[in-house]
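# Structural features, examined
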Amino acid sequence: ITALRAFLVTAGILDPESSIEEPVWCGGTTICVQTGDVLDRGDDELACFRLLATLARQAHDAGGQLLLLYGNHESLNAAGLFQYANPGGNVEFERTIGARIDYNYGSNRWR
């Protein structure tokens, strides 16, 4: 997430004074295309997606765009092929989403 933040600041679309938890789009009408492979790049995959999704909504409101494309790693994960998955990303998913789904279903049988 540190590398993604540095890239977004360098690209001039993330306010360098803003935090990862509360990012601020400063790109105006800039169009930025993220070409995928956010997954399997480190332990903060969902945090990266949250950052990008938040900026995408703010970009739209400002007349710009942040487009998120699926790369091959997103496609592999969607197909249930996790041999390339980062173990830390799996822990993040379990902590953030998996436990909540278990709670909502009353079990982990959905897995």
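A brief look at the structure comes next.

### Things to note about the overall build of the chain
- Broken down by element type, the chain carries 4 helices and 2 strands.
- Listing every helix and strand of the chain by position from the N terminus yields α-β-α-β-α-α.
- Out of the 111 residues belonging to the chain, those deemed buried represent 34%.
- Contacts in the chain between residues far apart in sequence, at least 24 positions, make up 63% of those at least 6 positions apart.
- Surface exposure of the chain reaches about 7,000 Å², of which carbon and sulfur atoms provide 55%.

### Topic: unusual backbone geometry
- With phi around 60°, Asp 37 is a residue other than glycine that occupies positive phi space.
- Within the fold, Asp 37 resides in the loop between strand E1 (31-34) and helix H2 (45-62).
- Phi is positive for Asp 40, close to 65°, though the residue is something other than glycine.
- Mapped onto the secondary structure, Asp 40 falls in the loop between E1 and H2.

### Brief notes about the pattern of salt bridges
- The tally for this structure, following the rule as stated, stands at 1 salt bridge.
- Here Asp 37 ties to Arg 41 by a salt bridge, and the two come within 3.2 Å at their closest N and O atoms.
- On the accessibility criterion, Arg 41 (54% relative accessible area) is exposed.

### Considerations on a nonpolar patch on the surface
- A cluster of nonpolar side chains, namely Ile 31, Val 33, Leu 67 and Leu 69, defines an oily patch on the protein surface of about 330 Å² accessible area.
- Here Leu 69 is to be found in the loop between strand E2 (65-68) and helix H3 (72-78).

### Here's the deal with the side chain of Asp 40
- Despite its burial, Asp 40 pairs with no opposite charge, the nearest such side chain being Arg 41 at 6.7 Å.
- Reaching out from Asp 40, the side chain makes a polar contact with the side chain of His 73 at a distance of 2.8 Å.
- Ignoring any residue separated from it by four or fewer positions in sequence, one finds Asp 40 in contact with Glu 45, His 73, Asn 77, Tyr 84, Ala 85 and Asn 86.

### Brief notes about the side chain of Glu 45
- Structurally, Glu 45 is set in helix H2.
- Of the side chains bearing the opposite charge, Arg 41 lies closest to the buried Glu 45, which forms no salt bridge; the N-O distance is 8.3 Å.
- Here Asp 40 takes part through its backbone nitrogen, which lies 2.7 Å from a polar atom of the side chain of Glu 45.

What counts and what doesn't
- Residues numbered from 1 in each chain as written.
- Predicted model: local features only at pLDDT ≥ 70, side-chain atom pairs only at ≥ 80, totals over all residues.
- Heavy atoms only, no water.
- Helix = DSSP H or I, 4+ residues; strand = E, 2+ residues; numbered from the N terminus.
- Buried < 20%, exposed > 50% of the residue type's maximum accessible area, 1.4 Å probe, protein only.
- Contact = heavy atoms within 4.5 Å.
- Areas by Shrake-Rupley, 256 points an atom, 1.4 Å probe, with all protein chains shown as cover.
- Salt bridge = Lys/Arg side-chain N within 4 Å of Asp/Glu carboxyl O.
- Patch = residues over 30% accessible without salt bridge, like charges linked within 9 Å, V, L, I, M, F, W, Y side chains within 5 Å.
- Lys, Arg positive; Asp, Glu negative; His and termini not counted.
- Polar contact = N/O pair within 3.5 Å; in protein donor to acceptor, adjacent residues only side chain to side chain.

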